[in-house]
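So the chains spell out like this:
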Amino acid sequence: MLMPSSFAAGSGCPPPIPGARWSPADAPVRPLLLWVRTGTAHLRLDDGPALHLQAGEGVWIPADGRTERAITTEPGTVAFPLCPHAGVGARGLPELTRFDVPDGWQDWLIQLFNLQVTPFSGRGYSPEAIEELLRRPGSRPPTPGTAGRPPAPEALAAEAEHPTPEALAAKERHLTPEALAPPAMPRARGARAVAEELMRDPALDLTVERWASRVLSSARTLRRDFLADTGLTFERWRLHCRLAAAVEFLAAGYDVDQVAALVGFASRNGLTRAFKGRFGLTPHEFGRDFSARPGAGGLTQRAAAARHTDDLIRMMRETDTPASPEMLPPASTPSHTNDIHVLSWMYRGSGYLDIGDRRYERERGVATWIPAELEHVTGLRENSVSLPLGNAATADLHLTAPLQVRFSSAWDDYLMFCSISARSALRPDDHDPRHILDLFADQAAAQRALSVPMPTDPRARAVAMECLRRIGEPGAARDPDTDGTQDAEIHRAFRDETGMTLGRWRYAARMRIARDLLTGGAPPSAVARRIGYAHLPTFSAAFSRFHGLSPREYQEREAAGGR
């Protein structure tokens, strides 16, 4: 069932953008590119002179664990910190480099930021094609106890001539699509944060102690959580993560030396030993044979980010204005769940969210809360870019179905600032991750106001907006009592300017918002919860009194009228 995004752009202006400061959790381990979209940013390395960047300018900062990066932005500034993979350092520029961002590259850089801060999942290649490739004659999995060490020639000959049942069973287990997939993610919060960072950048080469300090844990706890949640030690999990990434980069056409650097091996020999120990053939053999299979390839999100970084380095090195690279093709995630609510905003183009048999359209400017614990697929159409705006714990937001609001283009810079603050170390000193909840609620209230007549008296309008803002909270379905606590002038303003008492206005607001949600295809049970009713029969009775039809009858009539 198609769930259209039928919201009109909310009214109101975005709040001012505050200044921000770069506050990383640890010493620099990656190169950094800072691009200023609007405003002014200031950079100082160690005790050197300050570098001032204006809108349209960027700077490349090489990785150096001994260098302190002091970055601040002035109010009104939107500056994107882009952190290429740690393995890119050798291919990047060796010294601090300032450059102008050519026309046509701005949205591309925003897209690159999204690729770098979004957790990687899924494959852009065919796992069946790789499985078939690895099953070819001559490829073999490692025998138990010898992974990572080349077998003796006599053992190879004996196994090829007379494979044991155990060896055949091991091969079948070894060459499944699951063996080619990234390792399972740990559930514990600190271990999961480390795992997500390594999935984004497997070349990061921090000790367990440094990883633990970054997630406010201990090395012992981190090791225990990885083993308990995944069945793998931390070192083995990281190796599997690096080898899964190596498959992606080899399938994307990178050579073995480049792949070794991208996934964190000190040399191609180290990658070759580990790759053959896990998959039974060398990276060179895999890349050569895989590239010869028509239609088997395709860029994963991680490989696309690496290709984007290649283009980025080309842009910085060229003296003539380089042509902007192509945007991403259509893409989608595999079906998955999140343990937190995720807010995603469509900056450019369009996308969709599939939950069961329902499709929620995500148009330009629409921000969507994706509920936790619901299996879903998110997708982007060609030349589309979305940005994560923040997360919410289930304790902070009660959500059982997607919520959507639309922001006008006037909000673009502010929402980009929110995304940067949520997903990078460049944020205001008083950054509050819960701020995005209030922002969404305010915008939702502004859009709900389009469904009902609003009083013009400032105090009455403020009461109306607060009612709309909190309409889905528990107890919101009860009409307010007129017990003298409300100002008589506010009640008079509602009667004079809307033709309804405050209680009747609130009832009408809920019913008209319910009508709009039902028209969009939302199930009556979800609509009831969205407007503050705990029980579906109570909502159905109230809706029938107001509209003369039950919610189900109203939906059926609207569906018939659209055919």
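Residues numbered from 1 in each chain as written. Predicted model: local features only at pLDDT ≥ 70, side-chain atom pairs only at ≥ 80, totals over all residues. Heavy atoms only, no water.

**Quick word on helix α15 (residues 435–448)**
Counted only if it meets this: Strands here mean DSSP runs of E at least two residues long; helices mean DSSP runs of H or I at least four residues long; both are numbered from the N terminus. To estimate how far a helix should reach, multiply one less than its number of residues by 1.5 Å. Three labels apply to residues, based on accessible area from a 1.4 Å probe with only protein chains included: buried if under 20% of the type maximum, exposed if over 50%, partly exposed otherwise in between.
Over its 14 residues, α15 extends 20 Å from the first C-alpha to the last, a length consistent with the 20 Å expected when each residue adds 1.5 Å. α15 sits mainly inside the fold: eleven of its 14 residues count as buried. Those residues of α15 not exposed but buried are I436, L437, L439, F440, A441, Q443, A444, A445, A446, Q447 and R448.

**What about the pairing of strand β14 (residues 366–370)?**
Worth spelling out the cut-off: Whether two strands pair depends on DSSP finding at least two bridges between them.
Buried residues dominate β14, accounting for five of its five residues. Because side chains alternate across β14, one face comprises the buried residues V366, T368 and I370, and the other comprises A367 and W369, equally buried. Relative to strand β17 (residues 403–406), β14 runs antiparallel, the two sharing four bridges. Bridge pairing links W369 to L403 in β17.

**As for the confidence of the model for the protein**
In regions of low pLDDT, the predicted coordinates are not meant to be interpreted in detail. Rules: pLDDT expresses, on a scale from 0 to 100, how confident the predictor is about each individual residue. Only heavy atoms matter for contacts: two residues are in contact if any of them lie within 4.5 Å across the pair.
Mean pLDDT over the protein stands at 78; residues scoring 70 or higher make up 75%. Confidence drops under pLDDT 50 across residues 1–11; counting only partners more than four residues distant or on other chains, this segment forms 36 contacts. Confidence over residues 120–176 falls short of pLDDT 50; this stretch has 85 contacts with residues more than four positions distant or in other chains.

**Points about the sheet that holds strand β3 (residues 32–38)**
Applied cut-off: Angular values range over 0 to 180 degrees, each being the angle between N-to-C directions of two axes fitted as lines to C-alpha atoms, with helices fitted over their stretch in contact.
Across the sheet, four strands lie side by side as β8-β3-β6-β9; this open sheet has antiparallel pairing. Either end of the sheet is taken by a strand with one partner, and the two such strands are β8 (78–82) and β9 (97–100). Neighbouring strand axes in the sheet, compared pairwise and without regard to direction, differ in orientation by 20° on average. Note: strand β6 (residues 57–61) against β9, four bridges, orientation antiparallel. When the sheet's bridge partners are listed, V59 is paired in β9 with R98. Each of β3 and β8 is contacted by helix α1 (residues 106–117), which is oriented at about 55° to β8, the strand it contacts most. Contacting β3 and β8, helix α14 (residues 412–423) crosses the sheet at an angle of about 35° to β8.

**Some details on the pairing of strand β11 (residues 341–348)**
The element β11 is extensively covered by neighbouring structure, given that seven of its eight residues are classed as buried. Pairing of β11 with strand β16 (residues 385–392) involves seven bridges; the strand directions are antiparallel. Note on β16: the bridge partner recorded for M346 is S386. Relative to β14, β11 runs antiparallel, the two being bridged by four bridges.

**Considering the packing of aromatic side chains**
Here is the rule we go by: Only the six-membered ring of Trp is used, alongside the rings of Phe and Tyr, when aromatic pairs are assigned; centres must lie within 6.5 Å, and planes under 30 degrees apart are stacked while those over 60 apart are edge-to-face, with the rest tilted. Charges are assigned to positions over rings by a cutoff of 6 Å between ring centre and Lys NZ or Arg CZ, combined with an angular limit of 35 degrees from the ring normal.
The tally for this structure, following the rule as stated, stands at 17 aromatic pairs. In textbook terms, an aromatic cluster arises when at least three aromatic residues are bridged by ring pairs, as seen for Y533, F539, F543 and Y554. Against the face of Y352 rests R359, its NZ or CZ located 3.9 Å from the ring centre.

**Description of the pattern of salt bridges**
Basically, it comes down to this: Throughout this description, the term salt bridge denotes a Lys or Arg side-chain nitrogen within 4 Å of a carboxyl oxygen of Asp or Glu.
One pass over the structure, following the stated rule, counts 16 salt bridges. The salt bridge involving R21 is made with D429; its shortest N-O contact spans 3.2 Å. A residue pair is termed long-range when its members are at least 10 positions apart, and R21 in strand β2 (residues 20–22) and D429 in the loop between β18 (426–427) and α15 qualify at 408 residues. For R268, the salt bridge identified is with D257, shortest N-O distance 3.3 Å. On the criterion of sequence distance, the pair formed by R268 in helix α11 (residues 268–279) and D257 in helix α10 (residues 256–263) is long-range, its members being eleven residues apart. For R268, a relative accessible area of 35% puts it in the partly exposed group. A residue is classified by how much of its surface remains accessible, and D257, at 43% relative accessible area, is partly exposed.

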